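Descriptive analysis of the structure
Here is how the chains run, residue by residue.
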Amino acid sequence: MERWLNSIYVPIIKRAIDVILSLLILFFTLPFFVMIALLIRIAMGKPVFFRQLRPGRHGRIFRMIKFRTMSEKRDGHGMLLADGERLTGIGRFLRRTSLDELPELLNVLKGEMSLVGPRPLLVQYLERYSRDQARRHEVKPGVTGWAQVNGRNALTWESRFDLDVWYVDHISFVLDGRILLKTVATVFTCQGINHAGQATMAEFMGTEQSVEPTSVASAGAVT
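In this report, the structure presented in the accompanying data block is examined. (Residues numbered from 1 in each chain as written. Predicted model: local features only at pLDDT ≥ 70, side-chain atom pairs only at ≥ 80, totals over all residues. Heavy atoms only, no water.)

This part covers helix H6 (residues 173-189). A turn of α-helix holds 3.6 residues, and therefore any two residues three or four places apart point the same way. Taking 1.5 Å of rise per residue, 17 residues should cover 24 Å, and H6 covers 25 Å from first to last C-alpha, within 8% of that figure. Considered for burial, the residues of H6 that qualify are Leu-175, Asp-176, Ile-179, Thr-183 and Thr-186. The buried residues of H6 all sit within an arc of 90° when viewed along its axis, so they share a single face. Along H6, the residues that are exposed and aim more than 90 degrees away from the buried face are Leu-181 and Phe-188. (Helix = DSSP H or I, 4+ residues; strand = E, 2+ residues; numbered from the N terminus. Expected span 1.5 Å × (residues − 1). Buried < 20%, exposed > 50% of the residue type's maximum accessible area, 1.4 Å probe, protein only. Arc of directions from axis to C-beta.)

Right, dumping it as structure tokens:
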């Protein structure tokens with residue numbers, strides 16, 4: 001029974017759960033959604049949302065949307081300051097509580113993301129993955145994932161990718177349920193928000209054996 005359920009889980013059940021839960025969460029958090037948007041508008045001005053191109057399933061590019069957490073402060077030469085210097089007070093709170101990721105539910109409803117899956121990272125990382133690491137793009141990226149509930153940004157890149165690939169190989173209804181439940185606990189305990197001594201995760205510079213940029217399907221397509 002479990003094997004049969006898993007065979008239809010990803011194409012049918014997982015998508016249905018994504019839509020239903022996303023709509024419910026957005027409905028019950030709508031007052032917080034509006035309040036956060038107003039606070040960001042007052043504290044940092046426009047824009048309220050942070051939009052960035054990210055690779056989805058098979059490397060297909062989409063625009064991920066989050067609440068903005070950083071200012072546009074620049075140095076005397078017009079260059080943006082380091083992330084830690086631009087991260088605002090409200091931005092730290094949003095990241096600590098993961099509320100900055102609430103708008104990603106809109107990406108889930110559009111079918112670009114799933115509630116559970118490997119986190120969507122930067123487009124330039126596509127050509128830096130090893131062949132095994134690139135397998136994280138065999139499924140839709142998620143708002144939360146196996147790596148997020150097992151260390152989040154406190155993990156090394158290699159450990160994070162190992163967990164992502166493990167998820168790809170073991171995806172199931174039961175596993176996604178476990179991850180969603182653990183996500184709630186992780187958010188409330190604020191675990192693994194920052195990498196050691198840094199405001200944000202350090203850039204992934206690649207491994208010795210990386211894949212060719214063209215090996216990831218539709219890497220240049222924008223949806």
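After that view of the structure, there is still more to cover.
With that out of the way, let us pick up the pairing of strand S1 (residues 49-55). Sheet topology places S1 next to strand S2 (residues 61-67); 7 bridges connect them, and they run antiparallel. In the sheet register, Phe-49 faces S2, and the bridge partner there is Phe-67. Once S1 ends, the chain turns through 5 residues before running back antiparallel as S2, passing His-58 with a positive phi of about 60°. (Pairing = 2+ DSSP bridges.)

Side chains of nonpolar character tend, in soluble globular proteins, to be buried together. One finds Ile-40, Phe-67, Leu-94, Met-113, Trp-146, Tyr-167 and Ile-179 to be the most contacted residues of the largest nonpolar core, which totals 31 residues. Looking at this core, the elements that each hand over two or more residues are helix H1 (2-44), S2, helix H3 (89-97), helix H4 (104-109), strand S3 (114-116), helix H5 (157-170) and H6. In terms of residues, this core owes the most to one element, H1, which gives 7 residues. Contact partners of Phe-67, with chain neighbours within four places excluded, come to Phe-33, Ile-36, Ala-37, Ile-40, Val-48, Phe-49, Phe-50, Leu-94, Leu-99, Asp-100, Leu-102 and Pro-103. Core analysis: the next-biggest nonpolar cluster, separate from the first, contains 10 residues, Leu-121, Tyr-129, Ala-134 and Trp-157 among them. (Core = buried A, V, L, I, M, F, W, Y, C linked by side-chain atoms within 4.5 Å. Contact = heavy atoms within 4.5 Å.)

For Leu-106, the position within the fold is in helix H4. A C-alpha to C-alpha distance of 7.9 Å links Leu-106 and Ile-65, two positions 41 residues apart in sequence.

Before going further, it helps to spend a moment on the pattern of salt bridges. The tally for this structure, following the rule as stated, stands at 10 salt bridges. The salt bridge partner of Glu-72 is Arg-74, with a shortest N-O separation of 3.9 Å. Residue class for Glu-72 comes out partly exposed when judged on its relative accessible area of 46%. Given a relative accessible area of 48%, Arg-74 falls into the partly exposed group. The residue Glu-101 makes a salt bridge to Arg-119 at a minimum N-O spacing of 3.8 Å. Of this pair, Glu-101 sits in the loop between H3 and H4 while Arg-119 sits in the loop between S3 and strand S4 (142-144), and the two are 18 residues apart along the sequence. Among the residues examined, Arg-119 registers a relative accessible area of 7% and is labelled buried. Residues joined in a network through salt bridges with shared partners are Glu-101, Glu-104 and Arg-119. (Salt bridge = Lys/Arg side-chain N within 4 Å of Asp/Glu carboxyl O.)

For Leu-121, the position within the fold is in the loop between S3 and S4. The exposure class of Leu-121 is buried, given its relative accessible area of 7%. Along the primary structure Leu-121 and Leu-53 are separated by 68 residues, whereas in three dimensions their C-alpha atoms are 9.1 Å apart. If we skip the residues at most four places from it in the chain, Leu-121 touches Arg-54, Pro-55, Tyr-129, Arg-136, Trp-157, Arg-160 and Phe-161.

So, on to a nonpolar patch on the surface. Taken together, the side chains of Ile-20, Leu-24, Phe-27 and Phe-28 make up a nonpolar region of the molecular surface, amounting to roughly 470 Å² of accessible area. With respect to the secondary-structure elements, Phe-27 resides in helix H1. Residue classification places Phe-27 among the exposed residues on the basis of a relative accessible area of 59%. (Patch = residues over 30% accessible without salt bridge, like charges linked within 9 Å, V, L, I, M, F, W, Y side chains within 5 Å. Areas by Shrake-Rupley, 256 points an atom, 1.4 Å probe, with all protein chains shown as cover.)

Turning our attention to the side chain of Asp-176. Counting through the fold element by element, Asp-176 comes out in helix H6. Side chain to side chain, Asp-176 and Lys-14 meet in a polar contact 2.5 Å long. Beyond its immediate stretch of four places on either side in the chain, Asp-176 contacts Tyr-9, Lys-14, Val-116, Tyr-167 and Ile-171. (Polar contact = N/O pair within 3.5 Å; in protein donor to acceptor, adjacent residues only side chain to side chain.)

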